[in-house]
Amino acid sequence: MKIFKVIILLVLSVSSAAAAEIEIQPLDKDLNPVKEEISFDKYNFKLEDAVKIALRQNRSVIDSDISYDKASSSVGEARTAMSTKVSANFKQTRLGYHTVMAATGAPLNKKDTQSYYAELSQPLFLGKKDRAALESARIGRDIAGFSKTLTKQQIIMIVSMRYYSWLFARAVESVGKEDLDLAQAHFELVSKRYAAQQTSKYEVLRAEVRLTQSKSAYLKSQNDAKLAELDLLNVLSLPIDGGIDTKAKLVAIDYEAELDKDLETAKRVREDIKIKTKMQDIAQQTMVAAKGENQPVVSLWAQYGVEDPSSRYSGAFKRDDYWMAGLVMNVPIVDAGLTKSKVAKAHTEIRKAKNDLEDTLEQAELEIRQAALTLHSSAEIVAAQKENMKQAEETVRLAKVRYENGIFTQVDLFDAENAWSNTKLLYNQAVLGHHNARLAYQLAVGNLGRELLK
């Protein structure tokens, strides 16, 4: 009895010391984790607001958090392989006959037999399979963490692209409004000149046609801007009927790629490379577990309970307690080639993990170099379109002066104004393309949003 209590107290004290600390998280009335509210100005909605909201409530991000929590639970599950197990057991049997005492032969009134006992088991050695399982679970948790970070980076990119697309649509709408104002002003001017018999009806009709076309284009740009806003709200899981506005404008951001430095950085920080590296570690643990198949398994057990009637007494009906303890060792001798097959399979998994890592490294370098070329060319396009826009603006100014002085025809003025509007659209499109190229390059390197994920 005393030996059994000492064993239980010793094992439970060790288990308590090894137990991990539990982080207590506040819950709401529905037992859901309480999340801090994110405040933002809906009339000046910024990119930073969009990213913070997405990282908090985007469905893919939530799924990655759940996957990480699941992987963390697997670590706790694997840790229990070497933990102490204590169970309580109770058994009651109804006999179809009366129990007879051997000494007197008189029947007993009691037809039930009972036994209840506590049982303790403590594994001592599991052939390193338990350690391999625990280490694999920890690596799996690391992989889930890397996957969570990668998911968040991808969401940051998607949200940023949606935000810039929204700014682009608003810029197109603004250009459309300017073009409409030009067409309206020109129509009023031509109408006055026609009333003063200084121009023909044909020019009035042409100005009216242009005004109608500008109105249609402006209405379309308004609709496109609203659609871009809805796309942004959707990816943020915000109410699509809420509406947002912003003071931000679509402007280019200077960003220079440092290719050689960034290639080295990518090997260190890219999440997919980290994942493939960890997959190699898991393959190594698979080998450890495979080799552990032919090793002995040793465990300690102890039991304390009560029997009614006791099996220790023959010839007398008596209820009594008992205890017992023992050491169990299982030594594999012949496993029909199971261990050999598992070791061979583990070798193939190690080779595959190495090959996958090399492939990921090669693909990462290719993605970075391609993204660098796209980034460089997009920056050159922005610079060229910016210069074209300046020239187009000067051309419009001169065309107006010449038209008012009768040197340019209405067609010449329309061409200059259309060229100016188209150049502004092309510039904004180039800026959007540069933003997308910058985001793609930062994601390829592995730096995108890194400061927000610390």
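Residues numbered from 1 in each chain as written. Predicted model: local features only at pLDDT ≥ 70, side-chain atom pairs only at ≥ 80, totals over all residues. Heavy atoms only, no water.

Caption draft 1: Fine view of the overall build of the chain. Looking only at helices and strands, the chain has nine helices and four strands in total. In the chain, the succession of helices and strands from N to C terminus is α-α-α-β-β-α-α-α-α-β-β-α-α. By residue count, 34% of the 454 residues in the chain fall in the buried class. Here the analysis covers contacts within the chain between residues at least 6 apart in sequence; of these, 80% occur between residues at least 24 apart. Element-wise, carbon and sulfur atoms account for 55% of the exposed surface of the chain, whose accessible area totals about 27,600 Å². (Helix = DSSP H or I, 4+ residues; strand = E, 2+ residues; numbered from the N terminus. Buried < 20%, exposed > 50% of the residue type's maximum accessible area, 1.4 Å probe, protein only. Contact = heavy atoms within 4.5 Å. Areas by Shrake-Rupley, 256 points an atom, 1.4 Å probe, with all protein chains shown as cover.)

Caption draft 2: How the structure looks around the pattern of salt bridges. Applying the stated criterion across every chain, the model contains 19 salt bridges. In this structure, the salt-bridge partner of K352 is D356, at a minimum N-O distance of 2.9 Å. On the criterion of helical spacing, the pair formed by K352 and D356 is a turn pair, its members being four residues apart in helix α8 (residues 338-404). Note on K352: relative accessible area 52%, which makes it exposed. (Salt bridge = Lys/Arg side-chain N within 4 Å of Asp/Glu carboxyl O.)

Caption draft 3: Inspection of the packing of helix α6 (residues 259-269) against helix α9 (residues 410-445) at higher detail. One can describe the packing of α6 onto α9 by two numbers: an axis separation of 8 Å at closest approach and a directional angle of 55°. Taken together, the axes of α6 and α9 are oblique relative to one another. Along the contact surface, α6 presents L259, D262, T265, A266 and V269, while α9 presents Y441, A444 and V445. (Axes fitted to C-alpha atoms, helices over the stretch in contact; angles between N-to-C directions. Parallel < 35°, antiparallel > 145°, perpendicular 65-115°, else oblique.)

Caption draft 4: Geometry of α8. Helix length check: α8, at 67 residues, gives a terminal C-alpha distance of 95 Å against a target of 99 Å (1.5 Å per residue), a fit within 8%. At the exit of α8 stands G406, carrying a positive phi of roughly 80°. (Expected span 1.5 Å × (residues − 1).)

Caption draft 5: A look at unusual backbone geometry. For Q197, which is not glycine, the phi dihedral falls at a positive 60°. Summarising the element assignment, Q197 is placed in the loop between α4 (129-195) and α5 (201-235). If you check the backbone angles, S237 has positive phi at about 55° while not being a glycine. Residue position: S237 is located in the loop between α5 and α6.

Caption draft 6: Structural context of the nonpolar core. If you look at the biggest cluster of nonpolar residues, it comprises 35 residues, and the most contacted ones within it are F45, V159, Y163, Y164, W166, L232 and L236. The set of elements that each furnish at least two residues to this core consists of α2 (47-57), α4, α5, α8 and α9. Looking at this core element by element, the count peaks at ten residues for α4. Residues in contact with L236, not counting those within four places in the same chain, are F45, A50, I53, A54, Q57 and V159. Judged by nonpolar contacts, the second largest core, of twelve residues, contains L182, V396, A416 and W420. (Core = buried A, V, L, I, M, F, W, Y, C linked by side-chain atoms within 4.5 Å.)

Caption draft 7: Quick look at the packing of aromatic side chains. If you walk through the whole model with that rule in mind, you get five aromatic pairs. Ring geometry for Y163 against Y164: centres 6.3 Å apart, planes inclined by 75°, an arrangement best described as edge-to-face. You'll find Y163 and Y164 in the same group, each marked buried. In this structure an aromatic cluster arises from ring pairing among Y163, Y164 and W166. Just above the ring of Y194 sits the side chain of K201; from NZ or CZ to the centre is 5.5 Å. (Phe/Tyr/Trp six-rings, centres within 6.5 Å; stacked < 30°, edge-to-face > 60°. Lys NZ or Arg CZ within 6 Å of the ring centre and 35° of its normal.)

Caption draft 8: Expanded view of the environment of M329. Within the secondary structure, M329 is located in strand β4 (residues 320-330). In sequence terms M329 and F125 are 204 residues apart; their C-alpha atoms lie 9.2 Å from each other. Aside from chain neighbours lying at most four places away, what touches M329 is P296, V297 and V298.

Caption draft 9: Just the sheet that holds strand β3 (residues 297-308), in detail. Strand order in the open sheet formed by four strands is β1-β2-β3-β4, with antiparallel pairing between adjacent strands. Each edge of the sheet is formed by a strand with only one pairing partner; in this case those strands are β1 (85-94) and β4. Taking each pair of neighbouring strands and ignoring which way they run, the sheet shows an average axis angle of 20°. Inspection of the sheet shows strand β2 (residues 112-125) paired to β3 by eleven bridges, in the antiparallel sense. Bridge pairing links Q114 to D308 in β3. (Pairing = 2+ DSSP bridges.)

Caption draft 10: The packing of helix α3 (residues 59-79) against α4, seen in detail. With their axes 8 Å apart at the nearest point, α3 and α4 run at an angle of 170° to one another. It follows that α3 is roughly antiparallel to α4 by the angle criterion. Side by side, α3 and α4 meet where S60, V61, S64, D65, S67, Y68, A71, S72, S74, V75, A78 and R79 of the first sit next to A133, L134, A137, R138, G140, R141, A144, G145, K148, T151, K152 and I155 of the second. Tallied by class, the residues present in the contact of α3 with α4 amount to ten nonpolar, eight polar and six charged. (Nonpolar A, V, L, I, M, F, W, Y, C, P; charged D, E, K, R; others polar.)

Caption draft 11: Looking closely at the pairing of β2. Note: β1 against β2, ten bridges, orientation antiparallel. The residue bridging Q92 from the neighbouring strand is Q114, located in β2.

Caption draft 12: Representation of α2 in the model. Along α2, the residues classified as buried are L47, D49, A50, V51, I53, A54 and L55. Its buried side turned inward, α2 meets α3 and α4.

Caption draft 13: Quick look at the confidence of the model for the chain. The predicted model of the chain has a mean per-residue pLDDT of 85, with 87% of residues at 70 or higher. Low pLDDT, under 50, characterises residues 102-107; the predicted model gives this stretch eight contacts beyond four residues in sequence or across chains. (pLDDT = per-residue confidence, 0-100.)

Caption draft 14: Expanded view of the side chain of R438. You can see R438 is positioned in helix α9. A polar contact is formed between the side chain of R438 and the side chain of Y164, at a distance of 3.1 Å. If we ignore the near neighbours within four places in the chain, the residues touching R438 are Y164, I253, Y255 and L375. (Polar contact = N/O pair within 3.5 Å; in protein donor to acceptor, adjacent residues only side chain to side chain.)

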